[in-house]
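Each chain, written out:
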Amino acid sequence: AKQEHPGTYQVYDPSLDDKQCSASELEPELAFALRANQFELFFQPQIDLESGKIAGAETLIRWRHPKRGLIMPAEFISLCERNGMIIPIGYWAIHQAGIKLKELQLQGYDNCRIGVNLSFRQFQDSNLSQTIHRIISQNQINSAFLEFELTESALISDEQHVSYCLQELSNLSIDFALDDFGTGYSSFALLQKLPISTLKIDRSFIRNVADNPNDAEIVRAIINLAHSLDKKVVAEGVETPEQLDFLIQHGCDQVQGYLYSPPVPFKDFVQMLEQA
Ligand code: C2E
Ligand code: CA
Ligand code: CA
Ligand code: CA
């Protein structure tokens, strides 16, 4: 295993594994892993640039494999999308995120928003909104502080159905963020029509924002677009003080990235809230 961020956690690296674990080797283990509670949500803080405080966190799934160590989502999420396991795993993630949100609120962090990634594939479950509704009511989750992140590809895959689901879920006060914004094809009309409150600028535009005029122009345009549509804008993948300066100067609302923190286990996230 290699060290992705110094001093944080071990990640599974297939190139260093002599067993050469492939996606097909992991596939038969997915259902068992879910039952055996081997998945875990990590939390990456999102910082509000006006107050300088933690406004919430995006949850990111990890697989604590008993033999292979910590497996990153790049190794198994697309596999789960292909074989449909993303549906039960996705419900597990919403349930977990909701439980952690409740814990935060019990500890007095009652303005902390929790983001959950939602794959386009999860919309193919015709019971998506009812099931989410049930998870929320059975566990008495304060859904006004949940925010689902979806990509533009989810929006355009089946516009009618997705738009119906978003309406249903926004009736529960759930918010939506458009992930990886700038890399897809959603129209202004769609952006205005759907209950999307946040645009997340894709990391690929942030990477060189401080020294590439093209990327700087794109990021400026996305921030202005978001604000003119009355939406919040979050930059992801912020790694350097120069990138942060640019985003502050151009009025970006929130940032997340290694500059502040990589995704961390829940207890570490709570510690960050305590120290803030
Ligand atoms: P994403 O939703 O675009 O998540 C952002 C990714 O960028 C995360 O990778 C995060 O760890 C990483 N990241 C955050 N800050 C930085 C930074 O400053 N620099 C760099 N280089 N990377 C940064 P991660 O955790 O490996 O997740 C990868 C993808 O897997 C996510 O992309 C998302 O599409 C998917 N995913 C993760 N968790 C879930 C989940 O619970 N459900 C679903 N459906 N998909 C998930
Ligand atoms: Ca995301
Ligand atoms: Ca993203
Ligand atoms: Ca992404």
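Read on for a plain summary of the structure. On a predicted model such as this, the values are computed, not experimentally measured, just so you know.

**Details of the overall build of the chain**
For step 1, the next point in the chain: Scanning the chain from N- to C-terminus turns up 12 helices and 12 strands.
For step 2, the next point in the chain: Computed over its C-alpha atoms, the radius of gyration of the chain comes to 19 Å, within 12% of the 19 Å expected for a compact globule of 276 residues.
For step 3, the next point in the chain: Based on the C-alpha atoms only, the size of the chain along its principal axes is roughly 45 × 40 × 40 Å.
For step 4, the next point in the chain: For the chain, contacts bridging at least 24 residues in sequence account for 66% of all contacts bridging at least 6.
For step 5, the next point in the chain: Total accessible area on the chain is roughly 13100 Å²; 48% of this is exposed by carbon and sulfur atoms.
For step 6, the next point in the chain: Side chains of the chain carry 22 positive and 37 negative charges; the gap between the two charge centres is 6 Å.

**Some thoughts on the coordination of the calcium ion (ligand 4)**
For step 1, the next point in the chain: Summarising the metal site, the calcium ion (ligand 4) is bound by the protein donors D180 (OD) and D180 (OD), whose distances to it range over 2.8 to 2.9 Å.
For step 2, the next point in the chain: The metal-metal distance between the calcium ion (ligand 4) and the calcium ion (ligand 3) is 3.7 Å, with D180 coordinating both.
For step 3, the next point in the chain: Inspection of the secondary structure assignment puts D180 in strand 8 (residues 175-181).

**Some words on the site of ligand 1**
For step 1, the next point in the chain: Near ligand 1 you find 21 residues, and of these Q44, R62, R203, E239 and Y258 are the closest.
For step 2, the next point in the chain: Here an oxygen atom of ligand 1 and a side-chain polar atom of E58 are 3.2 Å apart.
For step 3, the next point in the chain: The contact in question runs from an oxygen atom of ligand 1 to an N or O atom on the backbone of Y258, over 2.8 Å.
For step 4, the next point in the chain: In isolation ligand 1 has 810 Å² of accessible area, and contact with the protein removes 82% of it.
For step 5, the next point in the chain: Applying the majority rule of atoms within 2 Å of the grid points places ligand 1 in the largest pocket.

**Details of the layout of surface pockets**
For step 1, the next point in the chain: Of the voids in this model, the largest pocket is the one considered here, and its volume is about 1100 Å³.
For step 2, the next point in the chain: E58, L60, R62, P73 and N117 are, among the 41 residues lining the largest pocket, the residues nearest its centre.
For step 3, the next point in the chain: For the lining of the largest pocket, the secondary structure elements donating two or more residues are strand 3 (39-48), strand 4 (54-65), helix 3 (77-83), helix 4 (86-106), strand 6 (113-117), strand 7 (146-151) and strand 8.
For step 4, the next point in the chain: Partitioning the lining of the largest pocket into residue classes produces 17 nonpolar, 12 polar and 12 charged.
For step 5, the next point in the chain: Volume-wise, the second largest pocket comes out at about 160 Å³.
For step 6, the next point in the chain: Along its surface, the second largest pocket is lined by K53, I54, Y109, D110, N111, C112, L273 and A276.
For step 7, the next point in the chain: A per-class count over the lining of the second largest pocket returns five nonpolar, one polar and two charged.

**Notes on the nonpolar core**
Burial of nonpolar side chains together is a common tendency in soluble globular proteins.
For step 1, the next point in the chain: Counting residues in each nonpolar core, the largest one holds 81 residues, and the members touching the most others are F39 and L247.
For step 2, the next point in the chain: Looking at this core, the element that brings in the most residues is helix 4, giving 10 residues.
For step 3, the next point in the chain: The residues contacting F39, other than those within four sequence positions of it, are L30, A33, L34, I61, R62, W63, F76, I89 and W92.

**Focus: empty space enclosed by the protein**
For step 1, the next point in the chain: In this structure the tally under the stated criterion is one cavity of 30 Å³ or more.
For step 2, the next point in the chain: Of the volumes computed, that of the largest cavity is approximately 40 Å³.
For step 3, the next point in the chain: Every residue lining the largest cavity is listed: Q46, A55, G56, R113, G115, E147, K232 and Q254.
For step 4, the next point in the chain: Breaking the lining of the largest cavity down by element, the ones donating at least two residues are strand 4 and strand 6.

About the criteria used
Residues numbered from 1 in each chain as written. Chains lettered and ligands numbered in written order. Predicted model: local features only at pLDDT ≥ 70, side-chain atom pairs only at ≥ 80, totals over all residues. Heavy atoms only, no water. Helix = DSSP H or I, 4+ residues; strand = E, 2+ residues; numbered from the N terminus. Rg over C-alpha atoms; globule rule 2.2 N^0.38 Å. Contact = heavy atoms within 4.5 Å. Areas by Shrake-Rupley, 256 points an atom, 1.4 Å probe, with all protein chains shown as cover. Lys, Arg positive; Asp, Glu negative; His and termini not counted. Charge placed at Lys NZ, Arg CZ, Asp CG, Glu CD. Donors = N, O, S within 2.8 Å, 3.2 Å for Na, K, Ca; no water. Near = heavy atom within 4 Å. Polar contact = N/O pair within 3.5 Å; in protein donor to acceptor, adjacent residues only side chain to side chain. 1 Å grid on protein atoms, 1.4 Å probe; cavity = no way out; pocket = protein on both sides within 12 Å on 5 of 7 lines; lining within 4 Å. Sits in = over half its atoms within 2 Å of the grid points. Points joined across faces, edges and corners; volume = space filled by probe spheres on them. Nonpolar A, V, L, I, M, F, W, Y, C, P; charged D, E, K, R; others polar. Core = buried A, V, L, I, M, F, W, Y, C linked by side-chain atoms within 4.5 Å. Buried < 20%, exposed > 50% of the residue type's maximum accessible area, 1.4 Å probe, protein only.

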